[in-house]
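Take a look at the letters that make up each chain.
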Amino acid sequence: MAELFWLIPLIPGASALLLVLFGAKLSRRWVAWQACSAVFLSFLLSAVAFVHLVRLPPGAPGLTKTLLAWISSGPFASSIAFAFDHLTAVMALVVTGVGLLIHVYSTAYMAEDRSYARYFAHLNLFTFFMLVLVMASDLVLMFVGWEGVGLCSYLLIGFWFERPAAAKAGMKAFVVNRVGDAAFIIGILFLLDNLGGSSFAAINEAAASGLLSSGLVTLVAILLFIGATGKSAQIPLYVWLPDAMEGPTPVSALIHAATMVTAGVYMVCRLSGLYAASIPASTVVAWIGAATALFAATLALVQNDIKKVLAYSTISQIGYMFIGCGVGAYAAGMFHLVTHAFFKSLLFLAAGSVIHALAGEQDMRRMGGLRKHLPVTFPVFLVGALAISGIPFLSGFFSKDAILTGAFAGGQYALWGAGLLGTVLTAFYMFRLVYMMFYGKERTAMEPGHSIHESPRAMTIPLVILAAFSVLAGYIGLPVFFGEKADLFGRYLASSVKSGSPHIAVSTEGLLVLLATVSALLGIALAFVFYRRTPALPSRLASRFPGIYRLLVGKYYIDEVYDAVVVRPLVRGAEKVYERFDLKVIDGALNKSAAAAGLAGKGLNFLQSGLVRDYALAFLIGAITFLGFLLL
Amino acid sequence: MVWVVFLILSFLCIGSVAAMIFSRNQAHNALFLVLSFSSLGGLFGLLDAPFAAAVQVLVYAGAIMVLFLFAIMMFNLRGELPARVKKARLALTVGLGTVLLAELLLAGRKLVLGSPGAGPAAGGDTARLGHFLFSDYLYAFEITSLLILAALVGALALAGKREGS
Amino acid sequence: MIPPAAFFILAAVLFVLGVLAFFVKKDLLTQFMAVEVMLNAGNLAFLALAKSLGKAEGQVIVLFVITVAAAEAVIGLAIIVLIFRQRKTVQTDELKDLKG
């Protein structure tokens with residue numbers, strides 16, 4: 001059964017194809033069942049393959065399957081080949097597992113939508129491309145998945161394309177990703193030029209053995225990382241993710257929190273050999289991650305749209321993952337990726353449930369006191385908030401701690417400090433959200449006759465499952481003072497990614513954990529003071545420091561700067577090209593050739609006299625010519 | 001003696017077609033054609049094809065040309081005859097016709113006609129012809145009957161409708 | 001005995017006369033008759049060839065040609081009748097709606 005693992009991506013792909021072709025004719029029930037069971041089958045297969053993988057003796061290679069030769073051009077060859085090793089297994093389980101829950105959630109969340117089949121077709125298609133990305137055994141095929149998920153992201157952000165904001169957000173995501181992808185392609189081309197192939201194993205080996213010069217390794221690693229900053233929304237290409245919240249909320253949970261945006265982290269871990277071989281590139285990765293983690297966290301402090309807060313939070317958390325990768329703790333980065341997938345999709349789905357309950361309201365200033373009305377959503381949201389804040393014994397605590405410990409152990413104290421500060425900010429903005437949404441006075445402005453109601457089962461059950469995982473997922477990677485062998489996850493991944501930040505003393509570790517816990521609690525306490533006890537404090541602070549406040553609300557004016565520096569010159573240049581080249585050369589050529597055809601038609605018009613005799617004469621001449629030809 | 005008959009028949013045949021070209025009366029044209037086709041029937045007889053000759057006279061000269069005459073009488077186009085064609089076009093047509101004639105004769109030379117007379121015709125008698133029709137050419141024969149039926153129905157469908165219906 | 005070549009020459013002349021008649025005449029009916037002349041010339045050539053090759057198939061084909069010509073004449077005349085009913089004319093020069 002495990003050797004059928006190559007079907008994992010193909011099942012949702014086939015389902016997407018069916019839905020695209022026949023979706024309009026199928027009933028909603030059928031569409032929902034088909035889409036969910038396709039992902040469920042993939043999940044089952046992933047689980048089977050995972051069990052197979054775990055049972056293998058240590059050191060044995062994972063599963064591989066070459067489907068067909070794809071490109072064969074001179075010395076360069078690439079085939080469509082899937083691989084399933086330990087790292088892939090983690091991602092495949094997350095993508096199909098979380099994906100399944102989100103599919104189920106969507107059946108209820110999107111129940112009223114007109115384009116039900118289109119939604120599920122795109123969601124299935126996304127699952128297909130994400131699994132291709134994850135299971136590709138070389139960089140070229142991974143890039144196919146990489147672009148495919150970008151396409152699906154575009155389609156789903158702009159799902160309600162009749163809303164101009166959604167259409168624009170989709171376009172922004174697509175264009176910003178293009179910038180990163182350009183660098184990504186250049187990186188791939190460098191590798192192809194120097195290695196003649198692009199399989200991950202070959203790249204990691206070549207980098208480690210010094211086959212590639214260290215300068216080239218650094219160059220390629222940074223180019224690929226620029227691609228990752230686009231896909232994973234890091235500085236400087238993060239600007240598309242907050243706007244991407246225009247898409248349906250389950251989409252935000254699946255694509256823009258749990259899976260696609262973490263593809264960059266996955267890519268870095270997949271090529272851990274390459275990154276480990278270049279200290280400058282790793283440093284860049286770590287510092288970009290740290291800067292993003294802090295930067296996005298400060299922006300999350302002042303957002304009022306609950307989905308935007310979660311979006312900045314996602315950017316910030318992915319920054320943490322990159323810190324982990326940058327300091328060499330790849331397993332910790334992946335660990336945080338997994339736990340983050342659970343608690344962030346939980347938070348998004350719970351937020352979706354709140355939005356659903358309030359008939360589309362997303363502004364937290366018009367919420368409050370929802371605790372009583374949403375008996376399921378409130379506790380699960382609280383679990384998610386506690387997990388992301390890093391409260392002990394929940395998943396986020398262990399994974400964030402693994403990253404911070406890795407940074408500290410690597411001697412990167414500045415990175416560690418930044419991470420710690422980020423923890424305070426994270427806890428603060430998450431509990432700002434909790435207090436504003438669920439506590440205090442009811443500020444909802446509901447129309448009469450529309451009461452606040454808890455969401456249907458199809459939505460709450462996935463929430464509860466995700467909440468359970470948000471609590472429990474951390475126990476697969478316990479810190480070192482639970483014993484040398486407590487870090488199951490790290491040992492499991494050891495065969496796939498570079499491991500080994502140096503170990504530190506148990507007492508130091510204990511101190512680090514304590515500090516992390518204290519900072520998380522500090523953040524929560526601050527939020528409590530600001531938004532529960534003295535709700536006037538935030539506005540007083542805002543008027544005390546108007547400059548900082550405006551800077552934060554204006555999102556550091558990064559969008560405006562990009563607009564002035566990049567977008568507007570480009571648009572103006574494009575307009576010039578349009579006037580000079582498009583109108584004159586291309587349109588001109590077309591108009592002239594049309595005129596030429598018209599003239600030729602007029603010139604030949606006399607042949608069409610409409611007289612039978614003329615036609616017969618032509619026929620006769622033809623017959624005589626033909627007969628003459630036969631006789632010769 | 002046979003040559004005399006051949007020459008008379010040929011003259012009648014070609015002469016009546018030529019007269020048709022110069023005549024400006026449709027009814028006369030049709031009658032000229034009857035004459036031409038009848039003499040052709042005689043020529044068929046000279047070629048040891050008595051059955052074909054009989055059919056030629058009965059069907060062509062008889063049935064088909066009578067049909068033409070009916071049509072001409074229906075239209076009743078007396079006095080409305082078209083003008084002659086232009087000289088240039090006439091010259092062009094005659095030129096092309098000459099070329100065509102040369103080509104046809106050349107083609108005839110290339111065929112077995114160049115070596116005269118392969119002996120008496122083997123398929124002269126009608127019995128053999130009938131045998132051929134109902135054995136080797138049975139399918140073609142049956143299909144022809146279908147064709148005639150189709151033509152009958154088609155003619156009714158086309159011309160049978162009254163105006164405005 | 002008359003050589004088949006003589007018949008063939010006669011057929012060729014008859015065919016060319018038919019062609020000339022078709023191009024010189026300007027009314028549908030006479031042009032249609034010219035077509036019949038060409039068909040007959042073809043028949044004559046078939047019979048001449050049958051005689052010279054000593055094969056009866058030539059005669060069989062002549063019978064088929066006559067049958068098909070009969071069918072064709074019926075349909076052709078029906079069409080001409082139809083055209084006359086609608087246009088009140090059988091002059092081919094006036095029927096030029098296909099002019100491009």
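Just so it is clear, the model here is predicted, and its values are computed rather than measured.

Colleague: Tell me about the overall build of chain A, and please be specific about residues and values.
Modeller: Helix and strand counts for chain A stand at 25 helices and 2 strands. In chain A, which comprises 632 residues, the share counted as buried stands at 55%. For chain A, the share of sequence-separated contacts (at least 6 apart) that also reach a separation of at least 24 residues comes to 80%.

Colleague: Summarise the confidence of the model for chain C; cite the residues concerned and give the values.
Modeller: Here chain C averages 86 in pLDDT, while 97% of its residues score no lower than 70. The lowest-confidence element of chain C is helix 3 (residues 57-87) of chain C, averaging 88 in pLDDT; the highest-confidence one is helix 1 (residues 4-24) of chain C, averaging 90.

Colleague: Account for the environment of tyrosine 266 of chain A, naming residues and giving values.
Modeller: Secondary-structure assignment places tyrosine 266 of chain A in helix 11 (residues 263-270). Considering only alpha carbons, one finds tyrosine 266 of chain A and leucine 337 of chain A, 71 residues apart in sequence, at a separation of 8.5 Å.

Colleague: Run through the interface of chain C and chain A, naming residues and quoting values.
Modeller: Contacts between chain C and chain A engage 13 residues on the former and 10 residues on the latter. Both faces combined, the contact of chain C with chain A buries some 980 Å², and carbon together with sulfur accounts for 62% of it. At the boundary of chain C with chain A, the tally comes to 0 salt bridges. Where chain C packs against chain A, one counts 0 residue pairs in polar contact (both at pLDDT 80 or more). Among the elements that take part in the side of chain C that touches chain A, helix 1 of chain C stands out by supplying 3 residues, more than any other. Each residue belonging to the side of chain C that touches chain A can be placed in one class, and the counts come to 5 nonpolar, 3 polar and 5 charged.

Colleague: Pulling in residues and values, what's your account of the pairing of strand 2 (residues 76-84) of chain A?
Modeller: Residue and element names in this part refer to chain A. Sheet topology places strand 1 (residues 63-73) next to strand 2; 9 bridges connect them, and they run antiparallel. Counterpart to isoleucine 71 in the pairing with strand 2 is serine 78. Hairpin connection of strand 1 to strand 2: 2 residues between the antiparallel strands, including glycine 74 at a positive phi of 60 degrees.

Colleague: With reference to specific residues and values, describe helix 2 (residues 28-53) of chain C.
Modeller: Taking 1.5 Å as the rise per residue, helix 2 of chain C with 26 residues should run 38 Å; its terminal C-alpha atoms sit 38 Å apart, in good agreement. Just downstream of helix 2 of chain C, glycine 54 of chain C is the residue with a positive phi angle, here 70 degrees.

Colleague: Help me get a handle on the interface of chain C and chain B, residues and values and all.
Modeller: Size of an interface, as often reported, equals the accessible area lost when the parts are brought together. With 70 residues of chain C at the contact, the number on the chain B side is 79 residues. The contact between chain C and chain B buries some 7000 Å² in all, and 81% of this surface belongs to carbon and sulfur atoms. Remark: the boundary between chain C and chain B carries 1 salt bridge. A salt bridge links aspartate 48 of chain B to lysine 51 of chain C, with the shortest nitrogen-to-oxygen separation between them at 2.7 Å. The interface formed by chain C and chain B includes 9 residue pairs in polar contact (both at pLDDT 80 or more). Elements supplying a minimum of two residues to the side of chain C that touches chain B: helix 1, helix 2 and helix 3 of chain C.

Colleague: Kindly report on the packing of helix 25 (residues 612-631) of chain A against helix 4 (residues 87-110) of chain B, identifying the contributing residues and their values.
Modeller: Between two packed helices, the angle of one axis relative to the other and the distance separating the axes together describe the packing. Where helix 25 of chain A meets helix 4 of chain B, the closest approach of the two axes is 10 Å, and the angle between their N-to-C directions is 30 degrees. In terms of axis orientation, helix 25 of chain A runs roughly parallel to helix 4 of chain B. Here the hand of the crossing between helix 25 of chain A and helix 4 of chain B comes out left-handed. Every residue of helix 4 of chain B that contacts helix 25 of chain A at Arg613, Asp614, Leu617, Leu620, Ile621, Ile624, Leu627, Gly628 and Leu631 of chain A is listed here: Arg89, Leu92, Leu96, Val99, Leu100, Glu103, Leu104, Leu106, Ala107 and Lys110 of chain B. Partitioned by chemical class, the residues of the contact of helix 25 of chain A with helix 4 of chain B number 13 nonpolar, 1 polar and 5 charged.

So, how was this worked out
Residues numbered from 1 in each chain as written. Chains lettered and ligands numbered in written order. Predicted model: local features only at pLDDT ≥ 70, side-chain atom pairs only at ≥ 80, totals over all residues. Heavy atoms only, no water. Helix = DSSP H or I, 4+ residues; strand = E, 2+ residues; numbered from the N terminus. Buried < 20%, exposed > 50% of the residue type's maximum accessible area, 1.4 Å probe, protein only. Contact = heavy atoms within 4.5 Å. pLDDT = per-residue confidence, 0-100. Buried area = accessible area lost by both parts, 1.4 Å probe. Salt bridge = Lys/Arg side-chain N within 4 Å of Asp/Glu carboxyl O. Polar contact = N/O pair within 3.5 Å; in protein donor to acceptor, adjacent residues only side chain to side chain. Nonpolar A, V, L, I, M, F, W, Y, C, P; charged D, E, K, R; others polar. Pairing = 2+ DSSP bridges. Expected span 1.5 Å × (residues − 1). Axes fitted to C-alpha atoms, helices over the stretch in contact; angles between N-to-C directions. Parallel < 35°, antiparallel > 145°, perpendicular 65-115°, else oblique. Left-handed = near helix turned anticlockwise from the far one by under 90°.

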